[in-house]
Amino acid sequence: FTPTYTGSATVRVNNPDGTYNNSFSCYSGNSGCQYSLLNLPQSGTYAVVLTPPNNSEQMSLTVSVTPDITGTLVVGAPQTLTLPVSQNALLQFTATANQTVALNLSAVATTPANTYVYAYVYNSAGTQVTGTSTQSSATLNLSNLPADTYSVLITPQYPITGSAQVSLIAGT
């Protein structure tokens, strides 16, 4: 969403049973906000609560829920990733015990130019293994991974359009 006031709004996500799931801040100086909800623990309808910095603030915003672009990474098979406005990518790969791979992002292009793109790697329990940010290219070396299915979240700094080449490279 895009706030039209000065300051920041708190965005809180509650599980279907009403318990807290996650929260983040959205700053008015940014061109918008986006957030991926990974490994949701419950089925049902989640509640999103937007709170301005104080009770006298007024907000005008547009909220949309869009699924992440999904796919599978395979060692030695580069993929071109295109991100429309307000979408992230969630790619998966499977590692065998003690496997070493490198995740490479290259040819990163964004509109507007030079916007940071973040890449985070999560294990199947939802724990972040590593992450990085780049405006052009980056490599994450993943050494001696436990056998697991991993998720790679690729998300721009703001809701923008972008593209990148994503590769999973065999390590030694």
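1. Side note on the packing of aromatic side chains
Here comes step 1: Counted according to the given criterion, the structure contains four aromatic pairs.
Here comes step 2: With a centroid separation of 4.6 Å and an interplanar angle of 10°, the aromatic rings of Phe-24 and Tyr-35 are classed as stacked. With Phe-24 in strand S2 (residues 20-27) and Tyr-35 in the loop between S2 and strand S3 (47-51), this pair connects stretches of sequence that are 11 residues apart.
Here comes step 3: A relative accessible area of 18% means that Phe-24 is categorised as buried.
Here comes step 4: Each ring, one from Tyr-120 and one from Tyr-122, has its centre 6.5 Å from the other, and the planes form 50°; the classification is tilted.
Here comes step 5: One aromatic cluster in this structure is built from Tyr-118, Tyr-120 and Tyr-122.

2. Details of the sheet that holds strand S12 (residues 161-170)
In any sheet, the strands associate via hydrogen bonds between backbone groups, in a parallel or an antiparallel arrangement.
Here comes step 1: Within the open sheet, the four strands sit side by side as S5-S12-S7-S10. Their pairing is antiparallel. Two strands close off the open sheet at either side, each with one partner strand: strand S5 (79-83) and strand S10 (138-145). Direction aside, neighbouring strands of the sheet carry axes that sit 20° apart on average.
Here comes step 2: Across nine bridges, the pairing between strand S7 (residues 99-111) and S12 is antiparallel. Directly across from Ser-106, in S12, lies its bridge partner Gln-165.

3. Quick look at unusual backbone geometry
Here comes step 1: Look at the link from Thr-111 to Pro-112: it is a cis peptide, with omega at 5°.
Here comes step 2: Even without being a glycine, Ser-86 presents a positive backbone phi close to 70°.
Here comes step 3: Note on Ser-86: relative accessible area 25%, which makes it partly exposed.
Here comes step 4: Although it is not a glycine, Ala-107 sits at a positive phi angle of roughly 50°.
Here comes step 5: Tracing the backbone shows Ala-107 in strand S7.

4. Notes on the environment of Val-48
Here comes step 1: Inspection of the secondary structure assignment puts Val-48 in strand S3.
Here comes step 2: Sequence spacing of Val-48 and Val-129 is 81 residues, and the spatial spacing of their C-alpha atoms is 27 Å.
Here comes step 3: Ignoring sequence-local partners within four residues, the contact set of Val-48 consists of Val-11 and Arg-12.

5. A short note on the sheet that holds S2
Here comes step 1: Ordered in space as S2-S1-S3, the three strands form an open sheet in which the pairing is antiparallel. At either margin of the open sheet sits one strand with a lone partner, and together these are S2 and S3. Sheet twist, expressed as the mean angle between neighbouring strand axes with direction ignored, is 20°.

6. Digging into the confidence of the model for the chain
Here comes step 1: Summing up the model confidence of the chain, the mean pLDDT is 89 and the portion of residues at 70 or higher is 93%.
Here comes step 2: Mean pLDDT across the elements of the chain bottoms out in S2 (86) and peaks in strand S6 (residues 89-95) (97).

7. Observations regarding the environment of Ser-167
Here comes step 1: Here Ser-167 lies in strand S12.
Here comes step 2: The exposure class of Ser-167 is buried, given its relative accessible area of 11%.
Here comes step 3: Taking the C-alpha atoms as reference, Ser-167 lies 39 Å from Gly-18; in sequence the two are 149 residues apart.

8. Side note on the state of the cysteines
Here comes step 1: What the rule picks out here adds up to one disulfide.
Here comes step 2: What pairs with Cys-26 in a disulfide is Cys-33, and their sulfur atoms sit 1.7 Å apart. On the sign convention where negative means left-handed, the S-S torsion of about 100° between Cys-26 and Cys-33 marks this disulfide as right-handed.
Here comes step 3: Using a relative accessible area of 0% as the deciding quantity, one classes Cys-26 as buried.

Basis of the calculations
Residues numbered from 1 in each chain as written. Predicted model: local features only at pLDDT ≥ 70, side-chain atom pairs only at ≥ 80, totals over all residues. Heavy atoms only, no water. Phe/Tyr/Trp six-rings, centres within 6.5 Å; stacked < 30°, edge-to-face > 60°. Helix = DSSP H or I, 4+ residues; strand = E, 2+ residues; numbered from the N terminus. Buried < 20%, exposed > 50% of the residue type's maximum accessible area, 1.4 Å probe, protein only. Pairing = 2+ DSSP bridges. Axes fitted to C-alpha atoms, helices over the stretch in contact; angles between N-to-C directions. Contact = heavy atoms within 4.5 Å. pLDDT = per-residue confidence, 0-100. Disulfide = S-S within 2.5 Å.

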